[in-house]
Amino acid sequence: MSNSSFITQFLLLVFTDTRELQLLLFGLFLGIYLAALLGNGLIITAIACDHHLHTPMYFFLLNLSILDLGCISISVPKAMANSLWDTRAISYQGCVSQIFFFFFLISAEFSFLTIMSYDRYIAICQPLHYGTLLDSRACVHMAAAAWGIGFLNSVLHTANTFSIRLCQGNAVDQFFCEIPQILKLSCSDSDYLREVGFLVISLLVGFGYFVFIVVSYVQIFQVVLRIPSEQGRHKAFSTCLPHLAVVSLFVSTGMFAYLKPPSISSPSVDLVVAVLYSVVPPAVNPLIYSMRNKELKGAALKLM
C-alpha cells in the first residue's frame, strides 16, 4: 500500500487468540460499559431533574458526564464486538470517526476539568463574586468554548493525520484507532513530524491547563485550611477532592500515553495505558463524584 487512499480497513489489536478469553474479555468490557452508562446516566438525569442541582458546578458536571459517556462509547462497543465475533477489522471511515470523536471528546473534557477548577476557585476564594462571575450566561459561554475548542482541535488533528501517506501496512497496535498508532504507518518522516508537531502544541496547551488547575488548587487549599470550623473544611474538601482525583487520573494516564519514551513502548504497555485513560475514567468518575457529595448522592437515590 503506497497511499492511505488504498486502505479500506484497518486491523485492530486483539487482546488474545484464545476463544474462551475473548468471551471473558467481552463480558468484562460489557460490565465496565454498563457501569459507565448507569453511573453517568444517573448523574445526568439527577442533575437535569433536581432543580436544587441547577448550579454552575453541577452544570459543568453534567457536561463532563456526557463527555464520559461519549468517550467510552467510541472505543468499547467496537472492542466488545471484535471480541464476540473474533475479528480485528474496522473500516477506514470507522477509524477516522473513532479518532475524530475520541480526540474531540477528550479535548473538551480537559477543558471542562479546567473550568471546574475555576468554578471551585471562585466558590471558595471569592464567594461574594460567585453569582456575578459565574452567572448562567457565563456558564453557557464557557461550556460552548470548551465544546468548540474540542471540535476545532479534533478537526485539525484528524484532517492532518489522514492526509499522511500510509505505507507500513494497516495493522494498528491498539484496540481502537489512536493517532500515535496511525502515525507508525506513515511513509514519510516529514509527514510524521508535522503531526507530531501539532500534538506537541496541543500538549503544551494542555500543560497550560494543568498549571492553571494546580495554581487554582494551591490557592483553594490555602483558603480551606484557614476555615475555622471542621464542618466547613469538610464541605469544601468534599467538593474539591473528587475533582482533583479525576484530574489526576485523567492527566497522569493521558500524558503517559502520549509522552512515554519509545524504549518502554510495546503493544502490551500501550494497551494497558489506553485502557487506563480511555475506559477506566468514564467508569469510575461517577463513583468518585458521588462518593463525597451528599447532594448528588441524595438526588440519585431519590431518582432510583
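Residues numbered from 1 in each chain as written. Predicted model: local features only at pLDDT ≥ 70, side-chain atom pairs only at ≥ 80, totals over all residues. Heavy atoms only, no water.

A closer look at the packing of helix 3 (residues 92–125) against helix 5 (residues 136–161)
Where helix 3 meets helix 5, the closest approach of the two axes is 8 Å, and the angle between their N-to-C directions is 145 degrees. The handedness of the crossing between helix 3 and helix 5 comes out as right-handed. Looking at side-chain class alone, the contact of helix 3 with helix 5 contains 18 nonpolar, seven polar and no charged residues. (Axes fitted to C-alpha atoms, helices over the stretch in contact; angles between N-to-C directions. Helix = DSSP H or I, 4+ residues; strand = E, 2+ residues; numbered from the N terminus. Left-handed = near helix turned anticlockwise from the far one by under 90°. Nonpolar A, V, L, I, M, F, W, Y, C, P; charged D, E, K, R; others polar.)

A closer look at the UniProt feature "transmembrane region" (unreviewed entry) in the chain
The sites that carry the UniProt feature "transmembrane region" (unreviewed entry) are, in the present numbering, residues 23–45, 57–76, 96–118, 198–224, 236–259 and 271–289. Secondary structure over residues 96–118 splits into 100% helix and 0% strand, and the C-alpha atoms at its two ends are 33 Å apart. With 100% helix and 0% strand, residues 198–224 has end C-alpha atoms that lie 39 Å from one another. (UniProt positions renumbered as here; feature names shortened; annotations may be inferred.)

Regarding the packing of aromatic side chains
What the rule picks out here adds up to 17 aromatic pairs. On the basis of an interplanar angle of 40 degrees and a centroid distance of 6.5 Å, the ring pair of tyrosine 118 and phenylalanine 212 is categorised as tilted. A residue pair is termed long-range when its members are at least 10 positions apart, and tyrosine 118 in helix 3 and phenylalanine 212 in helix 7 (residues 189–224) qualify at 94 residues. Note on tyrosine 118: relative accessible area 23%, which makes it partly exposed. Residue classification places phenylalanine 212 among the partly exposed residues on the basis of a relative accessible area of 36%. Between the aromatic rings of tyrosine 217 and phenylalanine 221, the centroid separation amounts to 5.8 Å while the plane-to-plane angle is 40 degrees, which identifies the pairing as tilted. Taken as a pair, tyrosine 217 and phenylalanine 221 lie in helix 7 at a separation of four residues, close to a single helical turn. Judged by its relative accessible area of 3%, tyrosine 217 falls in the buried class. Members of the aromatic cluster, joined through ring pairs, are Phe59, Phe60, Phe100, Phe101, Phe104, Phe112, Trp147 and Phe151. (Phe/Tyr/Trp six-rings, centres within 6.5 Å; stacked < 30°, edge-to-face > 60°. Buried < 20%, exposed > 50% of the residue type's maximum accessible area, 1.4 Å probe, protein only.)

A look at the side chain of serine 216
For serine 216, the location among the structural elements is in helix 7. Exposure remark for serine 216: the relative accessible area of 5% places this residue in the buried category.

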